[in-house]
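Observations on the three-dimensional arrangement
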Amino acid sequence: MQTEFLIVGQGISGTWLSYYLQKEKRSFLIIDNDQPNSASRVAAGIINPVTGRRIVKTWMIDELLSFLVPAYKELGNELGINAIEQKKLVDFHPTPQMKMAFDERVNEKADFLFHPKDQERYQETFNYDFGFGEVDPCYVVNLKEILPAWRKKLLAYDQLLEEDFELNELRHTDTGIIYKNIKAEKIIFCDGIQSSQNSFFKNLPFALNKGEAILIESPNIPYGNIFKKGMMLASIEKDIYWIGSNYLWEFMDDQPTGQFRKQTELLLKTWLKVPFKIIDHKASVRPANIERRPFVGSHPGQKNIGILNGMGTKGCSLAPFFAKQLADHLVSGHEILGEADIKRFSKILTR
Ligand SMILES: Cc1cc2nc3c(=O)[nH]c(=O)nc-3n(C[C@H](O)[C@H](O)[C@H](O)COP(=O)(O)OP(=O)(O)OC[C@H]3O[C@@H](n4cnc5c(N)ncnc54)[C@H](O)[C@@H]3O)c2cc1C
């Protein structure tokens with residue numbers, strides 16, 4: 001079998017890369033093992049434009065939002081689904097200090113931040129003592145539908161193999177790569193945390209971190225917003241809410257822990273005034289890195305081997321933009337943004 005690009009992984013990164021290669025009318029084949037607890041299958045899909053104690057804008061957010069909102073809408077139209085929803089984030093201040101920090105930023109007229117007058121609005125549903133601010137707009141990406149819908153389409157066109165990719169079967173030459181019976185010009189790794197063990201990319205400064213989420217059923221939470229008090233609570237379908245997450249840099253495995261369940265249940269019991277039922281508990285490991293910048297581009301020593309990875313906590317906002325950059329680089333030789341291009345690690349990658 002002959003193709004231009006062999007892609008490993010169909011999480012949010014592989015989905016977007018294949019989408020843009022398809023738009024360029026390039027041939028590709030994806031190998032994906034449909035791991036149920038891959039990061040993209042556990043994530044809520046929230047895009048929050050602000051971060052940290054100072055509540056500052058996240059890296060490149062204005063540019064990313066103006067790209068990703070139309071991109072998700074276009075993908076959704078092609079798949080016949082609603083791929084992205086605009087929401088407000090209702091941020092219940094957990095302490096008076098956090099309230100002051102938020103209000104200070106509102107007074108500075110910081111983008112995205114608002115202090116609504118009607119502070120009693122959620123008293124029937126939530127316990128909160130220090131009021132709330134709003135982050136507007138935020139978005140929720142419908143990962144739950146995007147990934148299977150794109151997969152179905154790929155399968156229908158024989159563009160996806162559902163199996164494990166085995167690195168020891170990969171051969172590469174100056175003109176391309178050979179993997180089992182597949183010949184391709186290039187191979188691109190979009191395989192999340194697996195790349196941290198890949199002989200070509202293991203020297204990249206991955207800093208994997210584990211996160212967990214709980215799904216609850218509750219018919220009485222007002223639909224339409226994301227709520228935050230220490231953790232995020234986001235509706236993912238009617239009456240079903242995702243709550244998470246934690247960030248563990250040291251962990252033994254990628255499985256849900258009793259400690260997170262206990263801590264989250266306690267939070268829900270003290271925060272929610274309405275009944276809820278826990279229906280699922282998931283865990284995954286984020287392909288994060290020390291710099292908090294994605295890993296994008298061709299290997300400096302092996303031009304037929306590339307990567308789209310290192311999305312950390314922000315795959316939903318970073319993947320579409322950088323997949324487009326990588327597709328333009330692969331197809332037309334365009335430059336990739338310096339802060340994301342793995343050229344910046346040339347020394348350690350060619351050691
Ligand atoms: C609890 C939690 C909550 C999160 N919440 C958010 C959020 O709200 N918003 C946000 O933007 N991000 C969030 N993230 C981060 C987000 O999940 C990641 O940034 C993103 O999913 C990474 O996508 P990816 O496609 O690069 O990797 P992955 O999603 O890990 O995809 C890799 C793919 O490769 C496949 N694969 C791996 N190895 C092989 C192999 N050997 N053979 C075949 N296939 C293979 C896997 O099956 C998978 O499909 C969250 C993460 C966690 C853990």
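Data block above holds the structure.
Residues numbered from 1 in each chain as written. Predicted model: local features only at pLDDT ≥ 70, side-chain atom pairs only at ≥ 80, totals over all residues. Heavy atoms only, no water.

A closer look at the site of the ligand
The immediate surroundings of the ligand are formed by 39 residues, with Ser13, Asp32, Asn33, Ser40 and Gly312 found nearest. A distance of 2.8 Å separates an oxygen atom of the ligand from a polar atom in the side chain of Arg41. Separating an oxygen atom of the ligand from a backbone N or O atom of Ile46 is a distance of 2.9 Å. Protein contact buries 95% of the 1,000 Å² of open area that the ligand shows by itself. Elements that contribute at least two residues to the shell around the ligand include exactly helix 1 (12-23), strand 2 (28-32), helix 2 (39-42), strand 13 (209-217), strand 17 (277-286) and helix 7 (315-332). The element that contributes the greatest number of residues to the shell around the ligand is helix 2, accounting for four residues. A class-by-class count of the residues in the shell around the ligand yields 13 nonpolar, 17 polar and nine charged. (Near = heavy atom within 4 Å. Polar contact = N/O pair within 3.5 Å; in protein donor to acceptor, adjacent residues only side chain to side chain. Areas by Shrake-Rupley, 256 points an atom, 1.4 Å probe, with all protein chains shown as cover. Helix = DSSP H or I, 4+ residues; strand = E, 2+ residues; numbered from the N terminus. Nonpolar A, V, L, I, M, F, W, Y, C, P; charged D, E, K, R; others polar.)

Points about the packing of aromatic side chains
Here the structure, examined in full by the defined rule, presents 27 aromatic pairs. Ring geometry for Tyr19 against Tyr20: centres 5.3 Å apart, planes inclined by 75 degrees, an arrangement best described as edge-to-face. Like Tyr19, the residue Tyr20 is buried in the burial classification. Plain terms: the ring middles of Phe92 and Phe227 are 6.2 Å apart, the flat faces sit at 15 degrees to each other, and that makes the pair stacked. Of this pair, Phe92 sits in strand 6 (residues 84-92) while Phe227 is found in strand 14 (residues 225-229), placing the two residues 135 residues apart along the sequence. (Phe/Tyr/Trp six-rings, centres within 6.5 Å; stacked < 30°, edge-to-face > 60°. Buried < 20%, exposed > 50% of the residue type's maximum accessible area, 1.4 Å probe, protein only.)

Concerning the environment of Glu162
Tracing the backbone shows Glu162 in strand 9 (residues 160-162). Glu162 gets classed as partly exposed once you look at its relative accessible area, which sits at 49%. On a C-alpha basis, the gap between Glu162 and Asp34 in space is 7.0 Å, while along the polypeptide they are 128 residues apart.

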